Structures are given as structure tokens and as C-alpha cells.
Amino acid sequence: MSIILDKVNYIYSQGTAYESHALRDVNLQIGDGEFIGVIGHTGSGKSTLIQHLNGLLKATSGGIYYNGRDIYEEDYNRKELRSKVGLVFQYPEHQLFESTIFEDVCFGPKNLGLSKKEAELRAFAALRSIGLPEEYWYQSPFELSGGQKRRVAIAGVLAMKPEVLILDEPTAGLDPKGRDEILQQAAAMHQESNMTVLLVSHSMEDVAEYVGRIIVMNQGSVMMDGAPKEVFGHYQELEEVGLAAPQVAYLMHELKQHGLPIDTGATTLEEAQASILQVFSGRGRNQQQGTKQEML
Amino acid sequence: MIRDITIGQYYPSDSIIHRLDPRVKLMGTLVYVLSLFIFRGVPGFLAVTAGLVFFIRCSKVPFGYMVKGLKAIAVILVITAAFNLFLTPGEPLVSFWKFKITQQGLKSAGFMVVRLAYLVLGSSVLTLATTPNQLTDGMEKSLRPLNKIGIPVHEVSMIMSIALRFIPILVEETDKIMKAQLARGADFESGNLIKRAKSMVPLLVPLFISAFRRANDLAMAMEARCYNGGAGRTKMKPLKYARRDGAAYLLIAGYFAAVLSLRIWL
């Protein structure tokens, strides 16, 4: 299972004064079970990119293949594609409409033509997996907090049992606690069900800890694509396009410049801590050995 | 699909029409609409067509972009044409079953469709070539005399400008909501009338909620900046007539005189 993008271009409002080239020759290959962070500045084309993956936008030129099939073929079932590639938009307010949370989560599976019972079972499982306490389930979705709304919106897409889950700016406007909860849940879902997860964000800090691969978008094209270590190694280039590596990466590079023999590839706090401790404990041991030798 | 609505949207360009004083454009639009309802016969039709083509060319807005606005009233056009075609009494031209098409019916249907289509096109020149802010300024200034008889001109034009300003925002919002629901497998296009009406619920509920929230936020922001109506409010860029505005008034008067005289003498 994979998604392949071949030279995808997209131009908004072609032929009018509002024309803008949102994607330029984007080539990508997204493999099964990957956990990817899509990073880019506002207007870099990352939201446009993900709307192509489930066929909401049609590329001006280029091709997209899902599991080896061209999604722009005449007889391709794009409605089914949308249930396989689940996309959760940034604002949960754009999709919540039912009178209770439970019914709202049922909307997706019902649209797939499932029976009422099956839809409710799926909604049940989805709400369980996002960890919303049961006492909320039969309340209005509009009374929830921002973070809870977002989780319900994610449940609404999860209930369709997608193979790929795309989260567009899932942490925007959340406090640090809500942010961590959402990101941890995404990581857990990726681990438990081996779902392919794409996390769209403009914050490196958000994704560095969780993802296995980072795609950096700039002015409509893919600027970097690789493991977090490789990408953050180019922190100067990232800064030039208005992005920043996690603060840990800066610290590690600075320490290295001051002569500490540490691994600059650390991208999370834990890795950095381990790496620094290793250097110091190594030194300690050497010194101890030195004193021992003197005593002998 | 939903982005095709062009009524009330501004189209940035640098044309003579864009630079004209909004009061001139308002007057011009009013005169043009009047002329649409007084013209008669083929010579009159040619005159209003020439006028429309002239205005559109001057505004430098692509014609294809404007015609998109007609899509919104396509249904009204068809219904109007049908009513005029079948229900006008007169000499029957063709008749089948219970229907008959008369010569008069054909004529009035044709002119009615032209009138409506030109009405929309003509007034969209105004909104496409004028920013909502300018439009309100122009309206407020032109209608100021009505203040004396107790009509709150400033408030009314403020409401109008906010309404115009919100059309593109709500269109964009609708687009986003549609996408969010499509991503959950919603279907807005297939099924019979009742099914399609029902499929609008997931679209309309979030749209209304967001419209109310926006209205609330806007009211709060206006109050936070001490907005309290038009009394004593000054403008940063007061409207001033330039020489080209005078010329435009003359041109409008000339156009109107031409259409009027065609009606009277032909």
C-alpha cells in the first residue's frame, strides 16, 4: 500500500488575477505504515498537498497513484478513496454538526453505506480510541473545549477505518497539554494499528519527537525529505525559509562547536540528555582510571 | 464549484473604471439599470449592448470571469423565459398539446432574458471594480440627504458593506466545510431532491454557527474600537471628484439621452 505523487502541479484560480501556483512538480512516495511530518511555512503548499492525497483537489498536471491505481482514472471510486485516506482538517468547527457527539462520529461510517448497528460499533470504537470519557458522548459537540472538539473530529474520521490518516495542523491553538495529548494519541494510533499517519504542522518541535520522516515544503515544492536527524542537520537552510529546528538541535551543535564530542543528530530532549550524559560519564571514567593508575 | 460566485466580489486591476469615484460608478449603474427597463426594440437593444460592452472593456475584468456570475441566476432566467414564452397571449406561432408559443411571447421572453442578464452583468461591473470600502463611502455620501428625513444612512451603508465583505469569506468557509464533510464521505451531488436537501444539513449547520460566531466577534471588535455609529466620524481618505469623474458623468448623461431618444423617436 502506498501513495505515489508524480510531478504534481496545482494552480489556484487559473486564468484570473488571483492565480497562484500552489504546488510545483511535487514527487513523493509514501510507504505503508510510515509516520511522516509535513512541515512548511504558512502558504508553503502543505495544505494543498494533503488535499490532493484524498482526491479533494485535482492536480492541474501530474499523476497520483494510490496502491498502484491512478486516482484520476474515469472509473476510479474517489468516494472510497476518501474513506481509505482519512483527512482531518484544522478546524473541527467545520465538520461537527450533529446534536450529539456520538451521532456526529456515526456520520462517516453511515456515508460508507454501513448498517446503523455497524456504524454505531465503529463510532464506539473510535471514541474509545481517542480517549474521550463516556459521559461526554451524548452531549452536544459544540459544548466541548477546543482540544476535545479536535479529538471528536479525529474520531469522526477514524470511524471510517482509514488506512492513511492525515492530520492538518492538529495542534494549532491548543495549550501544551492538549498538544501533547493529541500528538501522543497520533503516535499511539500509528503504533497500535500500523496506520500510515501524516502530521501537518508548521512547528518542528511538534513533530520531531514522534515522526520517522520529515517532508519540508517551501513555496510549493518539496525542499527536504528525510529522517529528522538529516533534516535538522540543515538547520541553517531551514532558518532561511522561516522555519526552525527544535531547540535541542541548536544546543547540540553549539556544544559540538565548543569541543564537546557529542552526537549532533539528537532531535529530542531524551536523546540529547543521553548523549550528553554519555560524554560526561565517559570522561569521569577516564579520570577515575587516571587516579587509580597514579595510586598504583 | 462554489467559488464561482462572483457577485459582490472585487477583482483587482488598474483600469479607468477602478479609479473612478465610487459615486460616479453608483450613478452610472443606476442609470444603466434604468436604461435596461426603458429600451424598446432592436435599436434600443443594440444601444444597451454597446453600453455594456464598453463598460466591461473599460473595466479590464475578463469577460469569462463575469459570465460566471450569470450561472447563479441561470434558473431564474430559464423560468422567466418559460413564463413569457408560454403565457403571453397573441398570434400563435407554434402550438402543441396545451402549449402555444406566440410571436409576442417569443419577443418578450427574449427581451426579458436580455434585461435580467444585462442587469446582473452591469451591476457586477460596479462590485468587481470597486472595493467594498469605496462602495460604502460612495453610498453614504450620495445618500446623505436622506439623513434629514430620519433614515440612518451611515448604519445602512455600514450593514451593506459588511454584508458585501462577508460574501467571499462565507464562500470560502462553505468551501472548507464542504471539503471537511466530503472527507467524511458526504455526498452533495447525487440522489433525489429530498435526499439532496437533507445532505445540506451537515453543510448548513457549521456554516450558520460560524456566521454567528463571526458576527459576534466583529461586533466585539467594533465595540473595542469605540465604534458608535456615523455621528462625528471622519474619514482617512475623503472622497474627492477628479476631472475624469466629470467626464464620466457627461458620458453617462450622453448614454442615457441616447437610449431615451431611441425609445421616444423610434
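These lines cover the structure that appears in this document, whether it is placed above or below. Remember, predicted model here, so these are calculated numbers, not experimental data.

Topic: the layout of surface pockets
Empty space among the atoms becomes apparent when a probe as large as a water molecule is rolled across them. Residues and elements named next belong to chain B. Roughly 770 Å³ of volume is contained in the second largest pocket. As for the second largest pocket, its lining consists of 26 residues, and the residues nearest its centre are Asn-133, Met-158, Ser-161, Met-222 and Arg-233. Elements that contribute at least two residues to the lining of the second largest pocket include exactly α7 (132-142), α8 (153-182) and α10 (201-224). Here the lining of the second largest pocket takes eight residues from α8, the largest share from any one element. Classifying every residue of the lining of the second largest pocket gives eleven nonpolar, nine polar and six charged.

Quick word on the packing of aromatic side chains
Inspection of the entire model under this criterion finds 15 aromatic pairs over all chains. An aromatic cluster is present here, built from Phe102(A), Phe124(A), Trp137(A) and Tyr138(A) joined pairwise through their rings. Across the ring face of Tyr72(A), the terminal group of Lys58(A) is positioned such that the distance to the ring centre comes to 4.5 Å. Between Arg23(B) and the ring centre of Tyr241(B), over which it is positioned, the NZ or CZ distance is 4.0 Å.

A closer look at the interface of chain B and chain A
Counting from both sides, the interface comprises 22 residues of chain B and, opposite them, 24 residues of chain A. Buried surface at the junction of chain B and chain A, summed over both partners, amounts to about 2100 Å²; 64% is from carbon and sulfur atoms. Counting the surface chain B buries against chain A, the share from its top three residues, Lys179(B), Ala183(B) and Arg184(B), is 35%. For the interface between chain B and chain A, the tally reads one salt bridge.

Focus: the sheet that holds strand β5 (residues 69-70) of chain A
Residues and elements named next belong to chain A. Pairing is antiparallel across the open sheet formed by four strands, whose spatial order is β2-β1-β4-β5. The sheet terminates laterally at β2 (20-30) and β5, the two strands that pair on one side only. Pairing geometry for strand β1 (residues 3-12) and β2, over seven bridges, is antiparallel. Each bridged residue has a counterpart across the sheet, and for Tyr-10 the counterpart in β2 is Leu-23.

What counts as what
- Counting starts from 1 at the beginning of each chain's written sequence and moves along it residue by residue.
- Chains carry letters from A onward and ligands carry numbers from 1 onward, assigned in written order.
- Local features in a predicted model are, by the rule used here, given only for residues with pLDDT of at least 70; side-chain atom pairs are given and counted only at 80 or more, and totals for whole chains, interfaces and linings are based on all residues.
- To get the side-chain values, take all heavy atoms of the structure and skip hydrogens and water.
- Here a cavity means grid points, on a 1 Å grid over the protein atoms only, where a 1.4 Å probe fits yet cannot get out; a pocket means an open set of points with protein on both sides within 12 Å along at least five of seven lines; lining residues are those with an atom within 4 Å of a point.
- Grid points are joined across faces, edges and corners, and a volume is the space filled by probe spheres set on the points.
- Each helix is a run of H or I in the DSSP string that is no shorter than four residues. Each strand is a run of E no shorter than two, and both are numbered from the N terminus.
- Side-chain classes follow a simple rule in which Ala, Val, Leu, Ile, Met, Phe, Trp, Tyr, Cys and Pro form the nonpolar group, Asp, Glu, Lys and Arg form the charged group, and the remainder, Gly included, forms the polar group.
- Two rings from Phe, Tyr or Trp (for Trp, the six-membered ring) form a pair when their centres are within 6.5 Å of each other. A pair whose planes differ by under 30 degrees is stacked, one over 60 is edge-to-face, and the rest are tilted.
- Whether a charge sits over a ring comes down to the Lys NZ or Arg CZ being within 6 Å of the ring centre and within 35 degrees of the ring normal.
- Note on contacts: a residue pair is in contact if any heavy atoms of the two residues lie within 4.5 Å.
- Take the accessible area each of two parts loses on contact, using a 1.4 Å probe, and add the two losses: that sum is the buried area.
- For this document, the term salt bridge refers to a Lys or Arg side-chain nitrogen within 4 Å of an Asp or Glu carboxyl oxygen.
- Should DSSP find at least two bridges between two strands, the strands are regarded as paired.

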